[in-house]
Amino acid sequence: MLETDTLSISSAKIIHNNTSQSILQLPVQETLDYFKSHGVLLFRGFGVNYEQMKAFAEKFSSRFVLDKDRPIVDSRNKYVTLVDPGMHYVSPHCENANSPFRPDVIWFCCSVPASQGGETLYWDGVQVWQALDEELRQLFIAKKIKFFQKFPAADWKRFLGAGATLDDVKRTLNGISGLSYKINEDQSVSLEYVCSAFVKTKYGHQEAFANSLISEYKNPRGAVTFADGSPIPSAIINQIQQVMNNLTEVIPWQASDLVMIDNSRFLHGRRSFTDIKRRIYSLLSYMK
Ligand SMILES: [Fe+2]
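The residue numbers shown here count from 1 along each chain, following its written sequence. The predicted origin of the model limits local features to residues at a pLDDT of at least 70 and limits the giving and counting of side-chain atom pairs to 80 or more, whereas totals for whole chains, interfaces and linings rest on all residues. Calculated side-chain values reflect all of the structure's heavy atoms, with hydrogen atoms and water omitted.

All right, on to the overall build of the chain then. When helices and strands are tallied, the chain shows eight helices and 18 strands. The C-alpha atoms of the chain give a radius of gyration of 19 Å, which matches the 19 Å a tight globule of 288 residues would have. Summarising its shape, the C-alpha atoms of the chain cover approximately 55 × 50 × 40 Å along the three principal directions. Think of it in three bands: residues with accessible area under 20% of the maximum for their type are buried, residues over 50% are exposed, and the middle band is partly exposed, with areas taken using a 1.4 Å probe on protein chains only. Considering the chain as a whole, with its 288 residues, one finds that 51% of them fall into the buried category. Contacts: residue pairs with any heavy atoms within 4.5 Å of one another. Expressed as a percentage of contacts within the chain between residues at least 6 apart in sequence, the contacts between residues at least 24 apart total 78%. Put simply, the chain shows about 13300 Å² of open surface, and 49% of that area lies on carbon and sulfur atoms. Side chains of the chain carry 32 positive and 30 negative charges; the gap between the two charge centres is 4 Å. Only runs of H or I of at least four residues qualify as helices and only runs of E of at least two qualify as strands under DSSP, and these elements are numbered from the N terminus. Both definitions apply: the radius of gyration is a C-alpha atom measure, and the globule rule equals 2.2 Å times residues to the power 0.38. Method for areas: the Shrake-Rupley scheme with a 1.4 Å probe, in which residue coverage is limited to the protein chains shown. As used throughout, the charge tally considers Lys and Arg to be positive and Asp and Glu to be negative, leaving His and the chain termini uncounted. Each charge is placed at NZ for Lys, CZ for Arg, CG for Asp and CD for Glu.

Now the structure itself:
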């Protein structure tokens, strides 16, 4: 039986290590059941490093994916990366939800917490959807949204593998619902991805406002509109942001913590920080 607890004002479940066991000895099925019902698990006291994070994640995952923007930690663990560079606030998003390549889970492990700030933030997309005004919900039921992205050749080679060719790009992108793309003269690839702002969660099939709308709206390199190309008014973004501000949950990092987040239901972000020693690793995967 796992020793569990809940974070205060939080939907996450904490799993404590009270028997000095390794994270790799935890019962997989019981852990999976907690993950399915809570969506955010914090494993504390297991002394997890990034190699153990990967080994533990392998028990639940069918495959890993590499984030195109993040530095790899070492060549033997090529899917483990550092989190988003910089020390700025990161607004709420689901990982890679501005593309059809949204992983099921994002894993984080903390080597060194920031001395102040730098907490990972998260929001339950099911709660957000329920808290939005009926008018806003109806708007997003009626209108899909469209994300624009451009991948230089170096970026899609990182995603598909160093030896990937434009034929591999076409094979990967052809026939995906909602996706259209253009290969540019410099071999960069422009993507337009039309999707719903709310999705069905992987476990429980609940409606969740789990997307990358706010982060891409605020990202100077990103772009998002309604599916017909019309702009999304800033008043709507502000309204969503206000609702989400009341639902913000926090991971107060301790060294060696491991966190597992359901990316089909929860959005995440982070508080800003100034401590250059902060070190958090991440890993993206699809569940078995
Ligand atoms: Fe992220």
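That covers the picture; the talk isn't over yet.
Only rings of Phe, Tyr and Trp enter the pairing, Trp through its six-membered ring, and a pair is recorded when the two centres are within 6.5 Å. The plane angle decides the type: under 30 degrees is stacked, over 60 is edge-to-face, the rest tilted. Applying the stated rule across the entire model yields 14 aromatic pairs. Aromatic side chains Phe43 and Phe56 sit 5.2 Å apart centroid to centroid with 80° between the ring planes, which places their arrangement in the edge-to-face category. With a gap of 13 residues between them, Phe43 in strand S3 (residues 40-44) and Phe56 in helix H2 (residues 50-58) connect regions that are remote in the sequence. Taking relative accessible area as the criterion, Phe43 reaches 0% and is therefore assigned buried.

Below, the discussion takes up the sheet that holds strand S14 (residues 223-226). A sheet is described by the order of its strands in space; here four strands give the open sequence S10-S11-S9-S14, paired in antiparallel fashion. The outermost strands of the open sheet, each flanked by one partner alone, are strand S10 (179-183) and S14. Across the sheet, the mean angle from the axis of one strand to that of its neighbour is 20°, orientation sign disregarded. The pairing of S10 with strand S11 (residues 189-195) spans five bridges and is antiparallel. Bridge pairing links Leu179 to Tyr193 in S11. Any two strands between which DSSP finds at least two bridges are classified as paired. Every angle, taken between N-to-C directions, lies between 0 and 180 degrees, and every axis is a line fitted to C-alpha atoms, over only the stretch in contact when it is a helix.

Take the coordination of the iron ion next. In this listing, donors mean N, O and S atoms no farther than 2.8 Å from the metal, or 3.2 Å for Na, K and Ca; water is missing from the atoms, so a site can look incomplete. Those donors, His93 (NE2), Glu95 (OE) and His268 (NE2), are the protein atoms that reach the iron ion, and they lie 2.1 to 2.2 Å from it. Of note, the iron ion draws all its donor residues from one chain, in the sequence arrangement H-x1-E-x172-H. For His93, a relative accessible area of 10% puts it in the buried group. Residue Glu95 is classed as buried on the basis of its relative accessible area, which comes to 5%.

To continue, consider the domain arrangement of the chain. Where each domain starts and ends follows an automatic or database-derived domain assignment. Each assigned domain of the chain is listed with its residue range as follows: domain 1 (3-86 + 101-117 + 252-287) and domain 2 (126-244). Once you take the C-alpha centre of each, domain 1 and domain 2 turn out to be 24 Å apart. Salt bridges are counted wherever a side-chain nitrogen of Lys or Arg sits within 4 Å of a carboxyl oxygen of Asp or Glu. Close ionic contact of Lys202 with Asp104 constitutes a salt bridge, the shortest N to O distance being 3.7 Å. Whenever a nitrogen or oxygen atom comes within 3.5 Å of another N or O atom, the pair is scored as a polar contact, on the condition that within protein one atom can donate a hydrogen and the other can accept it, and that pairs from neighbouring residues in sequence are kept only if both atoms are in side chains. Remark: the boundary between domain 1 and domain 2 carries two residue pairs in polar contact (both at pLDDT 80 or more).

The next subject is the packing of helix H4 (residues 134-142) against helix H8 (residues 234-245). Packing of H4 against H8 leaves a shortest axis separation of 11 Å and a crossing angle of 120°. Taken as axis vectors, H4 and H8 run oblique relative to one another. At the point where H4 passes H8, the crossing takes the left-handed sense. Across the interface between the two elements, Leu136, Leu139 and Phe140 of H4 pack against Ile236, Gln239 and Ile240 of H8. Note on terminology: angles under 35 degrees are roughly parallel, angles over 145 are roughly antiparallel, angles of 65 to 115 are roughly perpendicular, and the others are oblique. For a crossing to be left-handed, the near helix must be turned anticlockwise from the far one by less than a right angle; the clockwise case is right-handed.

Turning next to helix H5 (residues 153-160). Of the positions making up H5, those classed as buried are Ala153, Asp155 and Trp156. Looking straight down H5, one finds that the buried residues subtend no more than 160° of arc, so they occupy a single side. Where H5 is buried, its residues contact strand S9 (145-151), helix H6 (166-173) and S11. Looking at the residues trailing H5, positive phi occurs at Gly161, about 115°. Each C-beta atom gives one direction from the helix axis, and the arc is the one those directions make.

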